[in-house]
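# Chain and residue survey
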Amino acid sequence: MANQEIERRRTFAIISHPDAGKTTLTEKFLLFGGQIQVAGAVKNNKIKKTATSDWMDIEKQRGISVSTSVMEFDYTPDGSGIEYKVNILDTPGHQDFAEDTYRTLTAVDSAIIVVDGAKGVETQTRKLMNVCRMRNTPVIIFINKMDREGRDPFDLLDELEKELEIKVRPLSWPINQGAKFKGVYNIYEQKLDLFTPDKQRVTEKVSVEINSAELDNRVGEQDAEKLREDLELVSGVYPDFEVETYRSAEVAPVFFGSALNNFGVQELLNCFVEIAPSPKPTKAEERMVQPDEKKFTGFIFKITANIDPNHRSCIAFCKVCSGKFQRNQPYLHVRQGKTLRFSSPTQFMAQRKSTIDEAWPGDIVGLPDTGGLFKIGDTLTEGEALHFRGLPSFSPELFKYIENDDPMKSKQLQKGIDQLMDEGVAQLFVNQFNNRKIIGTVGQLQFEVIQYRLENEYNAKCRWEPVHLYKACWIESDDDAELENFKKRKYQYMAKDKEGRDVFLADSGYVLSMAQEDFKHIRFHFTSEF
């Protein structure tokens, strides 16, 4: 039983540069999975429904995703008879929220990279691909927006190979593009399905033989001829597709399509559930954890506050690594050494959630977190002391003092800051010299999100004051006397983070390099995972 359950799980993240179409693609997957009947556009005035996965107010207003949302559905491809369980994580593309996206990549077995057909590979795509390469995550590339005038498909494929440093193999091919875009030929299954475009519903399809005269009638002789030539060229230039090379992250299969008009999405989904890896072993500090072990293990990779505006609650997202998670069973919280029971674990569809009784490896479970039980990176087990590592939190690059704007609401502000920092939106440092709070983030947009959420979710007003800092670095040393001496000399620049660890706030690169030279026995870290 256990092995079947593990085999049918597919957990993946959708990543890309902002506005390449991640959230739209997620919507279409949910549509084919039967979770929603009508897809909402991310930005489209004619369609009043917003996307399901962008549920925060600020996401609906700006038409962007600012936090990772988790969705799951069951999907049976036509004629396969196997019901797959698909877990999607839709990630934000804006680099201000890159941390959220990097953490999400630690919890998935494979990724789909969305590339805009007109713009090609962009900066954020490269960075995310590097993270996938570090973790050896298999990727599938989906080239989106073929219904707009774009570039030649062969040029795009060359660019992908060069920029993302991975071999590619097209598994579907576009018939023309832009206004004349007719559909997508499925190379993987060697068949052609023609759709009528529809932005919100699933339409029926027609199968056409590639070498028949019917193709000429349906798409016109020129396009038919070009398609046959292109396909010969593709099979000549690229080696045959082998699943093993994809799973070992050497080759990336490429699909073409238009997510908004439902072209090429089902081809991608059908091929994906067939070839994507089921949950893989997870590396803990102590040993490798196999997914088919009897005992449950899992780790927390994300915490979200206030999914439901009526209740001030936090939810911790736990990725199940092995065994079977059951409701009301006692599990050990390794960092605190406490035993906990969860009476209402949930599964998600962005904001709607339902209580579950069991979950298998690869699933993502929401655990209610009352009063700061969890931190990002915590491990849960059935008693064994394991530590899953590798959830980085980066050294922030932008700093501001946060000040209370409404003296009557200082308690709400304090609670708001605590919960948002637990979520990992930004990092909080308390300056030891004047006791002022400093918030450090990776991007400018995060300050606006924090201010907006404090006001709307906690009813607390804050204002920002500039502070000139270059970098925050964590310091530790085996030589206590030297550490004390350093703290005395740099008294004005010392701060404590949320865990009470020592942080040195350098106000310029020069000061930092001088400090590193003068104090040889002190270690300076730029991520808090040491």
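Residues numbered from 1 in each chain as written. Predicted model: local features only at pLDDT ≥ 70, side-chain atom pairs only at ≥ 80, totals over all residues. Heavy atoms only, no water.

Further remarks concern the nonpolar core. In this structure, Leu105, Ile141, Ile143, Leu160 and Trp173 are the most contacted members of the largest nonpolar core, which totals 53 residues. Look past the residues within four positions of Leu160 in its chain and what remains in contact with it is Val115, Val121, Ile141, Ile143, Glu165, Ile166, Val168 and Val254. Phe12, Ile14, Ile112 and Phe272 belong to the second-largest nonpolar core, a separate cluster that totals 30 residues. (Core = buried A, V, L, I, M, F, W, Y, C linked by side-chain atoms within 4.5 Å. Buried < 20%, exposed > 50% of the residue type's maximum accessible area, 1.4 Å probe, protein only. Contact = heavy atoms within 4.5 Å.)

Attention now goes to the sheet that holds strand β24 (residues 398-404). Each strand in a sheet pairs with its neighbour through backbone hydrogen bonds, running either in the same direction (parallel) or in the opposite one (antiparallel). Reading across the sheet, the 8 strands line up as β27-β24-β26-β25-β29-β30-β28-β31 and stay open at both edges, with antiparallel pairing between neighbours. Because the sheet does not close on itself, it has two edges, and the strands there are β27 (462-466) and β31 (522-525). Averaged over neighbouring strand pairs, the angle between their axes works out to 40° when direction is ignored. Relative to strand β30 (residues 502-506), strand β28 (residues 471-477) runs antiparallel, the two sharing 4 bridges. Considered in β30, the bridge of Trp474 is made with Val503. (Pairing = 2+ DSSP bridges. Helix = DSSP H or I, 4+ residues; strand = E, 2+ residues; numbered from the N terminus. Axes fitted to C-alpha atoms, helices over the stretch in contact; angles between N-to-C directions.)

This part takes up the packing of helix α2 (residues 22-32) against helix α10 (residues 265-275). Angle between the axes and distance between the axes are the two parameters that describe a pair of packed helices. As a packed pair, α2 and α10 sit with axes 10 Å apart at the nearest point and diverge in direction by 70°. Between α2 and α10, the angle falls in the class roughly perpendicular. Contacts from Leu25, Lys28, Phe29 and Phe32 in α2 reach Val265, Gln266, Leu268 and Leu269 in α10. A per-class count over the contact of α2 with α10 returns 6 nonpolar, 1 polar and 1 charged. (Parallel < 35°, antiparallel > 145°, perpendicular 65-115°, else oblique. Nonpolar A, V, L, I, M, F, W, Y, C, P; charged D, E, K, R; others polar.)

This part is about the environment of Phe374. Positionally, Phe374 belongs in the loop between β22 (364-369) and β23 (379-381). In the structure, Phe374 is positioned 48 residues away from Asp422 in sequence and 8.1 Å away in space, judged by C-alpha atoms. Setting aside its immediate chain neighbours within four residues, Phe374 contacts Ile300, Ile303, Ala316, His333, Arg335, Leu340, Phe342, Leu367, Asp369 and Leu380.

This next bit is on the packing of aromatic side chains. In the structure shown here, the tally under the stated rule is 16 aromatic pairs. Taking the centre distance of 4.8 Å and the plane angle of 45° together, the rings of Phe154 and Trp173 count as tilted. Residue Phe154 is found in helix α6 (residues 153-164), and its partner Trp173 is found in strand β7 (residues 172-175); the two are separated by 19 residues along the sequence. Neither Phe154 nor Trp173 differs from the other in exposure class; each is buried. In textbook terms, an aromatic cluster arises when at least three aromatic residues are bridged by ring pairs, as seen for Phe296, Phe325, Tyr331 and Phe342. The ring of Phe447 has Lys400 sitting right over it, with the charged end atom 4.7 Å from the ring centre. Here the basic side chain of Arg436 rests over the ring of Tyr401, its NZ or CZ set 3.8 Å away from the ring centre. (Phe/Tyr/Trp six-rings, centres within 6.5 Å; stacked < 30°, edge-to-face > 60°. Lys NZ or Arg CZ within 6 Å of the ring centre and 35° of its normal.)

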